[in-house]
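Residues per chain, in single letters:
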Amino acid sequence: MKCKVVILEQDQNYQNRLLVALREKSADFLDVIPCNEPSDILKCIEQHHPDLLVINERIEYDLSKIPEDCAVACFTEFRTAEKVRNKPAVCKYQKVKDISSGFLEISGDYKAVLAVKREEEQKAEAERLEQERIAEEEQKAAAERIAARRRNPDLLVFLSAQEGNGSAAAAAACAMNAAERGLSVLSLNIRPLKNMCDIFTETRKDKNLPELIESANREELTEECLERNILTDASGADYFDSGREDVWMAVLEKQGFLHILSVIGKMGKYDAVVLNIDSSLSPVNLEALKSAAKIIMVGSGTEESNAGIEAYFTALKRYDEFNRTAVTEHISILYNKFIDGACTMLSIPDVDVIGGINHLDGAGPRMISENMAKMMIFNPLVSE
């Protein structure tokens, strides 16, 4: 295939003589095309698709406008310069054979360089597309993992070793902490006579808790009905709004509780459910304990509170042995309202103490939970 060359030379007589000579002696491998004005360069290139543009070095023209596929060389008066304007130089005053050889060499070298560049660009583009594909697959896998987790969210159970030890505040703090880290959590209180209005202050007036509990017990609770009783706290945590009707939680049966958990799973919305229960071994509480990924017993470190922890742990240990369950393997202890010197921490084999929270004087329940939520001890409970 012939090498196409467009020539723009200000000396028209020289250009014409050169064109005649090249066409006479190099017609087999060169196709030369004259260009008479700088303003016609782009039009000429678009029309002929040359391999090389040769332009006199004294002609003012923005060579960056030349398409990348076209090599550029400059005609010079002398042979001393190898490059002019960062382009290969070809001396006008040499044998026609040498000029045509120079054209071919410049064109060939440029094509080789351009081929390497294009190959690198294609490789870079392929790598970019591969990285995008991998990133897309990782995002898809991450989304699928989140979706799978939210179809079966971890259940964290908080309970007090002794009334007043603060499991409700700790459970709320755990939910707030997780929400502030960008996780989707639901705080669920099923302790009768322990409403959460002093921690989660907003409540709906049009809710119908008795109907919800009864439909759950019949295993007929819908996602829509449950969602009507879920509100979002200022921290970002969702919470089940029992309000001051919490006494109806005493009517909740074992199958009703399990049905609520299944409906929460169908919602596919939550990374974890943080549950606050009392320390009784009711059928509902036992189902909660058996379903829990983690159980946090909240004590104060007083002698009476520690005795309550030990008694409760011993009872659950017997329950595990009799029923071949593993409830006690999920138990950790959190000390709340701890007073140095007056309180002590237990040492129970295979039971971790996740931390202690000192007594906070003069603070209401909401402030206590908000302050607790800032503590690092809650971070591992709901993992990202």
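Predicted model, so just to flag it, every value in this text is computed and none were measured. (Residues numbered from 1 in each chain as written. Predicted model: local features only at pLDDT ≥ 70, side-chain atom pairs only at ≥ 80, totals over all residues. Heavy atoms only, no water.)

This next bit is on the sheet that holds strand β1 (residues 3-8). Ordered by their spatial adjacency, 6 strands build an open sheet running β2-β1-β3-β4-β6-β5, and the pairing between neighbours is mixed. Single-partner strands in this sheet number two, and they are β2 (30-35) and β5 (83-84). Summarising the sheet, β1 and strand β3 (residues 52-56) pair through 4 bridges and their orientation is parallel. Within β3, the position partnered with V5 by the bridge is L52. (Pairing = 2+ DSSP bridges. Helix = DSSP H or I, 4+ residues; strand = E, 2+ residues; numbered from the N terminus.)

With that out of the way, let us pick up the packing of helix α7 (residues 254-267) against helix α8 (residues 283-291). Following both chains from N to C, one finds α7 and α8 inclined at 35 degrees, their axes separated by 8 Å at the closest point. For the pair α7 and α8, the crossing hand works out as right-handed. Between α7, through K254, F257, L258 and L261, and α8, the contact on the second element is made entirely by P283, V284, E287, A288 and S291. In terms of residue class, the contact of α7 with α8 is made up of 6 nonpolar, 1 polar and 2 charged. (Axes fitted to C-alpha atoms, helices over the stretch in contact; angles between N-to-C directions. Left-handed = near helix turned anticlockwise from the far one by under 90°. Contact = heavy atoms within 4.5 Å. Nonpolar A, V, L, I, M, F, W, Y, C, P; charged D, E, K, R; others polar.)

If you look at the biggest cluster of nonpolar residues, it comprises 49 residues, and the most contacted ones within it are V157, I190, L226, F257, L275 and L289. The element that contributes the greatest number of residues to this core is α7, accounting for 6 residues. Listed in part, the 33 residues of the second largest apolar core include M176, V185, F200 and A237. (Core = buried A, V, L, I, M, F, W, Y, C linked by side-chain atoms within 4.5 Å. Buried < 20%, exposed > 50% of the residue type's maximum accessible area, 1.4 Å probe, protein only.)

So, on to the layout of surface pockets. In this structure, the largest pocket spans a volume of roughly 440 Å³. Around the largest pocket, the lining comprises 22 residues; the ones closest to its centre are E82, K87, P88, A89 and I106. Of all the secondary structure elements, the ones that give two or more residues to the lining of the largest pocket are β4 (71-76), β6 (87-91) and α3 (96-151). Among the elements that take part in the lining of the largest pocket, α3 stands out by supplying 7 residues, more than any other. A breakdown of the residues in the lining of the largest pocket according to their chemical character gives 11 nonpolar, 4 polar and 7 charged. (1 Å grid on protein atoms, 1.4 Å probe; cavity = no way out; pocket = protein on both sides within 12 Å on 5 of 7 lines; lining within 4 Å. Points joined across faces, edges and corners; volume = space filled by probe spheres on them.)

Our focus in this paragraph is the sheet that holds strand β12 (residues 294-299). Read across the open sheet, the 8 strands follow the order β9-β10-β8-β11-β7-β12-β13-β14; overall the sheet is mixed. The open sheet is flanked by β9 (230-232) and β14 (352-358), the only strands paired with a single partner. Mean inter-strand twist for the sheet, computed between neighbouring axes without regard to direction, equals 20 degrees. Relative to strand β10 (residues 238-240), β9 runs antiparallel, the two sharing 3 bridges. Following the sheet pairing, T232 is matched in β10 by D238. This element, α7, spans β7 (154-160), β8 (185-189), β9 and β11 (272-276) of the sheet and lies at about 165 degrees to β8. Across the sheet, α8 lies against β7, β11 and β12, angled at about 130 degrees from β7, the strand it touches most.

Here the focus is the packing of helix α5 (residues 209-217) against α7. Their axes nearest at 7 Å, the elements α5 and α7 cross at an angle of 95 degrees. Here α5 lies roughly perpendicular to α7, going by the angle between them. Seen from α5, the contacting residues are S215, A216 and N217; seen from α7, they are Q255, G256, H259 and I260. Here the contact of α5 with α7 is composed, by residue class, of 2 nonpolar, 5 polar and no charged. (Parallel < 35°, antiparallel > 145°, perpendicular 65-115°, else oblique.)

What follows concerns the packing of aromatic side chains. Under the defined criterion, the tally for this structure stands at 5 aromatic pairs. Their ring planes at 65 degrees and their centres at 6.0 Å tell us that Y14 and Y93 sit as a pair that is edge-to-face. Residue Y14 is found in helix α1 (residues 12-25), and its partner Y93 is found in the loop between β6 and α3; the two are separated by 79 residues along the sequence. Accessibility expressed as a relative area gives 47% for Y93, which makes it partly exposed. Centroid distance Y335 to F338: 5.8 Å. Interplanar angle 70 degrees. Geometry classified as edge-to-face. By relative accessible area, F338 is classed as buried at 10%. Three or more aromatic residues joined by ring pairs form one cluster here, namely Y14, F75, Y93 and F103. A cation sits over an aromatic face here: K92 above Y14, 4.8 Å from the ring centre. (Phe/Tyr/Trp six-rings, centres within 6.5 Å; stacked < 30°, edge-to-face > 60°. Lys NZ or Arg CZ within 6 Å of the ring centre and 35° of its normal.)

With that out of the way, let us pick up the pattern of salt bridges. As a working rule, side chains carrying opposite charge can pair if their charged atoms are close by. Within the structure shown, the criterion is met by 19 salt bridges. D69 is the partner of R118 in a salt bridge, and the nearest nitrogen-oxygen pair spans 2.8 Å. Residue R118 is found in helix α3, and its partner D69 is found in the loop between β3 and β4; the two are separated by 49 residues along the sequence. Owing to a relative accessible area of 52%, D69 belongs among the exposed residues under this scheme. Measuring nitrogen to oxygen at the nearest pair gives 3.8 Å for the salt bridge that ties E121 to R118. Residue E121 and its partner R118 are located together in helix α3, separated by 3 residues, close to a single helical turn. Relative accessible area serves as the criterion here: at 38%, E121 is assigned to the partly exposed category. When its relative accessible area of 29% is taken as the criterion, R118 is described as partly exposed. Salt bridges linked by common partners bring E68, D69, K117, R118 and E121 together as one network. (Salt bridge = Lys/Arg side-chain N within 4 Å of Asp/Glu carboxyl O.)

Time to look at the pairing of β11. A large share of β11 lies buried, amounting to 5 of its 5 residues. Taking every second residue as pointing to the same face, both faces of β11 are buried, with A272, V274 and N276 on one and V273 and L275 on the other. Strand direction decides the pairing type here: β7 and β11, joined by 5 bridges, are parallel. In the sheet register, F158 faces β11, and the bridge partner there is N276.

Read these as geometric descriptors, not functional statements.
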